[in-house]
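These are the residues of each chain, in order.
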Amino acid sequence: MSRFVYADNAATTPVSEEVMEAMRPVFLEAWGNPSSQHTKGYEAKELLDDSRARIARVFNCRPDEIYFTSCGTESDNWAIKGAAHLMRKKGRDHIVTTKIEHHAVLHTCAALEKEGFRVTYVDVDSEGILSLDALRDAVTEKTALVAVMYANNEIGTVQPVAEAAKIAHEKGVLMFTDAVQAVGNIKIDLSTLGVDMLALSGHKIHAPKGIGMLYIKKGVRLENLIDGGGQEKRRRGGTENLPYIVGLARALEIADARIPELELVRQRRDRLISELTKIPYSKLNGSQTQRLAGNANIGFEFVEGESILMWLDMAGICASTGSACSSNSLDASHVLLAIGVPHEKAHGSIRFSISHETTDEDIDYILETLPPIIERLRALSPLWEDLNKKKQKED
Ligand SMILES: *Cc1c(COP(=O)(O)O)cnc(C)c1O
């Protein structure tokens with residue numbers, strides 16, 4: 001019997017049994033429209049309110065600061081476009097973000113550039129961490145919004161979001177964080193974090209694909225992204241996806257409660273990193289310390305990431321070359337390029353994103369399987385051959 005190891009949790013996660021059980025009665029029994037003025041509607045409305053209240057408890061915010069959306073991408077779009085359009089009325093037409101954001105943020109910023117906004121993409125250091133000095137230099141009286149992701153989806157680096165929020169607020173600028181990867185990994189207390197908006201997505205934390213959330217601090221009047229009916233206090237139209245909303249609330253409670261157990265995930269991740277970086281010409285991408293518990297992103301010279309992935313997949317191991325969204329393109333990862341990894345090395349990088357479900361045996365299996373794959377692929381590489389010839393001459 002061959003093994004199956006899923007080590008691509010940063011791309012998506014399976015719906016958990018508990019989340020499935022929480023959603024099931026909403027599909028089959030409480031299927032009413034929360035806006036309806038009858039028993040079926042009231043039943044649904046109660047579940048909607050209850051979900052919002054439970055999520056507010058997880059994040060220590062007000063229930064009326066929580067807005068349900070269709071995904072993380074929609075939340076990112078709403079936060080950034082909504083803030084840009086709001087602040088333009090006050091003469092602010094400049095956005096500050098980082099070079100390593102998710103495409104949902106970068107491409108939204110690019111769309112705003114076409115509308116005439118100016119965008120500054122602040123550098124990160126070689127570990128992928130935002131420089132607060134560079135951020136401070138970038139923010140001006142014309143800045144509308146600072147958008148800094150909480151944790152990076154490719155290299156797992158965790159950003160100084162609270163400090164960035166302080167810098168933004170000193171100049172009257174709104175602060176947004178894409179926390180899709182941070183949720184369930186880092187305890188988030190919205191009463192102290194200091195952000196005005198925070199985006200998250202269900203399918204990265206064992207809720208279904210197609211549900212997201214945007215926290216909008218009370219008093220921040222973002223322009224609507226989706227106009228329609230009176231749902232979400234008239235700020236996001238569309239009949240609420242109640243089964244998924246109930247699932248998201250359950251998933252968030254579970255993810256939050258399991259944060260203390262991440263120490264074990266971190267230990268397994270560290271074993272993966274320390275063993276795999278023993279392979280010659282390999283290197284950890286990102287930070288040793290400011291890193292998500294489940295993320296190991298390692299660059300291997302003289303091999304193509306795509307080829308490694310294919311061989312891993314044939315051995316029953318699911319990993320990634322970086323972001324699932326960019327893996328269909330042949331461009332090197334913008335994140336790896338931003339931390340100074342040269343093109344040819346960026347192409348040989350593999351991301352393992354493990355979870356609570358990943359076992360020691362799974363790690364053993366990856367450690368058994370990957371080194372011979374690298375060896376085999378390098379044996380086919382002309383660059384590897386040149387290197388070895390050069391070495392032989394030197395000896
Ligand atoms: C997955 C992801 C998104 C997009 O979320 P979807 O729900 O898939 O649209 C946005 N930002 C980050 C950091 C992500 O990892």
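Bear in mind the structure is a predicted one, so any value in this text is a computation, not a measurement.

Another point: the overall build of the protein. Helices and strands together make up the secondary structure of the protein, namely 15 helices and 12 strands. With 395 residues in all, the protein has 55% of them scored as buried. Of the contacts formed within the protein by residues at least 6 apart in sequence, a portion of 73% connects residues at least 24 apart. Taken as two groups, the 47 positive and 56 negative side-chain charges of the protein have centres that lie 5 Å from each other.

Picture the strands of a sheet paired through backbone hydrogen bonds; they go either parallel or antiparallel. In space, the seven strands of this open sheet follow the order E2-E8-E7-E6-E5-E3-E4, with mixed pairing throughout. Looking at which strands have only one partner, the edges of the open sheet turn out to be strand E2 (66–69) and strand E4 (118–122). Ignoring which end each strand starts from, the neighbouring axes of this sheet average 20° apart. By the bridge criterion, five bridges tie strand E3 (residues 94–98) to E4 in an arrangement that is parallel. Residue pairing for E4: His-94 is matched across the bridge by Arg-118. Relative to E4, helix H4 (residues 103–114) is tilted by about 150°, and along the sheet it contacts E3, E4 and strand E6 (174–178).

As a matter of local geometry, the ligand sits amid 13 residues, with Thr-73, Asp-178, Gln-181, Ser-201 and Lys-204 nearest to it. One of the side-chain N or O atoms of Asp-178 is found 2.6 Å from a nitrogen atom in the ligand. Between the ligand and the protein, one listed contact pairs an oxygen atom with a side-chain N or O atom of Lys-204 at 2.7 Å. Coverage of the ligand by the protein amounts to 90% of the 380 Å² it exposes when considered alone. In terms of residue class, the shell around the ligand is made up of three nonpolar, seven polar and three charged.

Moving on, we get to the pairing of strand E10 (residues 295–300). Extensive coverage of E10 is indicated by the burial of six of its six residues. Burial along E10 is two-sided: Asn-295, Asn-297 and Gly-299 facing one way and Ala-296, Ile-298 and Phe-300 facing the other are all buried. Note that strand E9 (residues 282–284) and E10 share three bridges and pair antiparallel. The residue of E10 that forms the bridge with Leu-284 is Ile-298.

Across the sheet, three strands lie side by side as E9-E10-E12; this open sheet has antiparallel pairing. Of all strands in the sheet, those bounded by a partner on one side alone are E9 and strand E12 (349–353). Strand-to-strand twist of the sheet, defined as the mean angle between neighbouring strand axes without regard to direction, takes the value 25°. Packing against the sheet, helix H10 (residues 262–276) makes contact with E9, E10 and E12, and its axis sits at approximately 10° to E10.

Take the pattern of salt bridges next. In this structure the tally under the stated criterion is 24 salt bridges. Asp-50 is paired through a salt bridge with Arg-54; the nearest N and O atoms lie 3.1 Å apart. In this pair, Asp-50 and Arg-54 are both assigned in helix H2 (residues 39–59), four residues apart and thus about one turn of the helix distant. Since its relative accessible area comes to 22%, Arg-54 is described here as partly exposed. For the salt bridge of Asp-93 with Arg-118, the shortest nitrogen-to-oxygen distance reads 3.4 Å. In this pair, Asp-93 sits in the loop between helix H3 (72–88) and E3 while Arg-118 sits in strand E4, placing the two residues 25 residues apart along the sequence. Owing to a relative accessible area of 24%, Asp-93 belongs among the partly exposed residues under this scheme. Taking the relative accessible area as the measure of exposure, Arg-118 reaches 43% and is therefore partly exposed. A single salt-bridge network, built from bridges that share partners, covers Asp-50, Arg-54, Arg-250 and Glu-253.

Before going further, it helps to examine the packing of H10 against helix H14 (residues 360–379). One way to put it is that H10 packs onto H14 with a least axis distance of 10 Å and a crossing angle of 15°. Comparing their axes, H14 and H10 come out roughly parallel. H10 and H14 meet at a crossing whose hand is right-handed. Where H10 abuts H14, its residues Arg-268, Arg-271, Leu-272, Glu-275 and Leu-276 lie against Asp-360, Ile-363, Asp-364, Ile-366, Leu-367 and Leu-370. Partitioned by chemical class, the residues of the contact of H10 with H14 number six nonpolar, no polar and five charged.

Let us now look at the domain arrangement of the protein. What the domain assignment lists for the protein is domain 1 (5–13 + 260–394) and domain 2 (17–257). Computed from C-alpha coordinates alone, the two centres of domain 1 and domain 2 are separated by 30 Å. Contacts between domain 1 and domain 2 engage 29 residues on the former and 32 residues on the latter. Contact with domain 2 buries surface across domain 1, with Thr-13, Leu-292 and His-334 losing the most and accounting together for 26% of the total. Here domain 1 is connected to domain 2 by 14 residue pairs in polar contact (both at pLDDT 80 or more). Element by element, the count of residues in the side of domain 1 that touches domain 2 is highest for helix H12 (residues 334–338), at four residues. Per-class residue counts for the side of domain 1 that touches domain 2 are 11 nonpolar, 15 polar and three charged.

Here the structure, examined in full by the defined rule, presents five aromatic pairs. The interplanar angle of 80° and the centroid separation of 5.6 Å between the aromatic rings of Tyr-67 and Trp-78 together place this pair among those described as edge-to-face. Of this pair, Tyr-67 sits in strand E2 while Trp-78 sits in helix H3, and the two are 11 residues apart along the sequence. When its relative accessible area of 1% is taken as the criterion, Trp-78 is described as buried.

Analysis parameters
Throughout this document, residue positions are counted from 1 along each chain, in the order its sequence is written. Local features in a predicted model are, by the rule used here, given only for residues with pLDDT of at least 70; side-chain atom pairs are given and counted only at 80 or more, and totals for whole chains, interfaces and linings are based on all residues. As a convention, hydrogens and water are excluded, and side-chain values are obtained from all of the structure's heavy atoms. The numbering of helices and of strands both runs from the N terminus, where a helix is a DSSP run of H or I of at least 4 residues and a strand a run of E of at least 2. Here the term buried applies to any residue with accessible area under 20% of the maximum for its type, exposed to any over 50%, and partly exposed to those in between, with areas from a 1.4 Å probe on protein chains only. Contacts were defined at the residue level, with two residues in contact if any of their heavy atoms lie within 4.5 Å. Charged residues are defined here as Lys and Arg on the positive side and Asp and Glu on the negative side; His and the ends of the chain fall outside this count. To locate a charge, take NZ of a lysine, CZ of an arginine, CG of an aspartate or CD of a glutamate. Here, a strand pair is defined by DSSP locating no fewer than two bridges between the strands. An axis is simply a line fitted to the C-alpha atoms; with a helix, the fit covers only the stretch in contact. Between two such axes, the angle follows the N-to-C directions and lies from 0 to 180 degrees. By convention in these notes, a residue is near a molecule or strand provided one of its non-hydrogen atoms lies within 4 Å of it. As used in this structure description, the phrase polar contact means that two N or O atoms lie within 3.5 Å; if the pair is within protein, one of them must be able to donate a hydrogen and the other to accept it, and residues adjacent in sequence are counted only when both atoms belong to side chains. Accessible surface area values rest on a Shrake-Rupley calculation with a 1.4 Å probe, where residue burial reflects the displayed protein chains alone. Residue polarity follows a fixed list, in which Ala, Val, Leu, Ile, Met, Phe, Trp, Tyr, Cys and Pro are nonpolar, Asp, Glu, Lys and Arg are charged, and the others, Gly among them, are polar. We count a salt bridge whenever a side-chain nitrogen from Lys or Arg sits within 4 Å of a carboxyl oxygen from Asp or Glu. Roughly parallel means an angle under 35 degrees; roughly antiparallel, over 145; roughly perpendicular, 65 to 115; everything else is oblique. The sense of a crossing depends on the near helix, which, turned anticlockwise from the far helix by less than a right angle, makes the crossing left-handed and, turned clockwise, makes it right-handed. Reported domain spans reflect what an automatic or database domain assignment gives. The quantity reported as buried area is the accessible area (1.4 Å probe) lost by two parts once they are put together, taken as the sum for both. Here the aromatic set is Phe, Tyr and Trp, taking the six-membered ring for Trp, and pairing holds for ring centres within 6.5 Å; pairs whose planes are under 30 degrees apart are stacked, those over 60 apart are edge-to-face, and all others are tilted.

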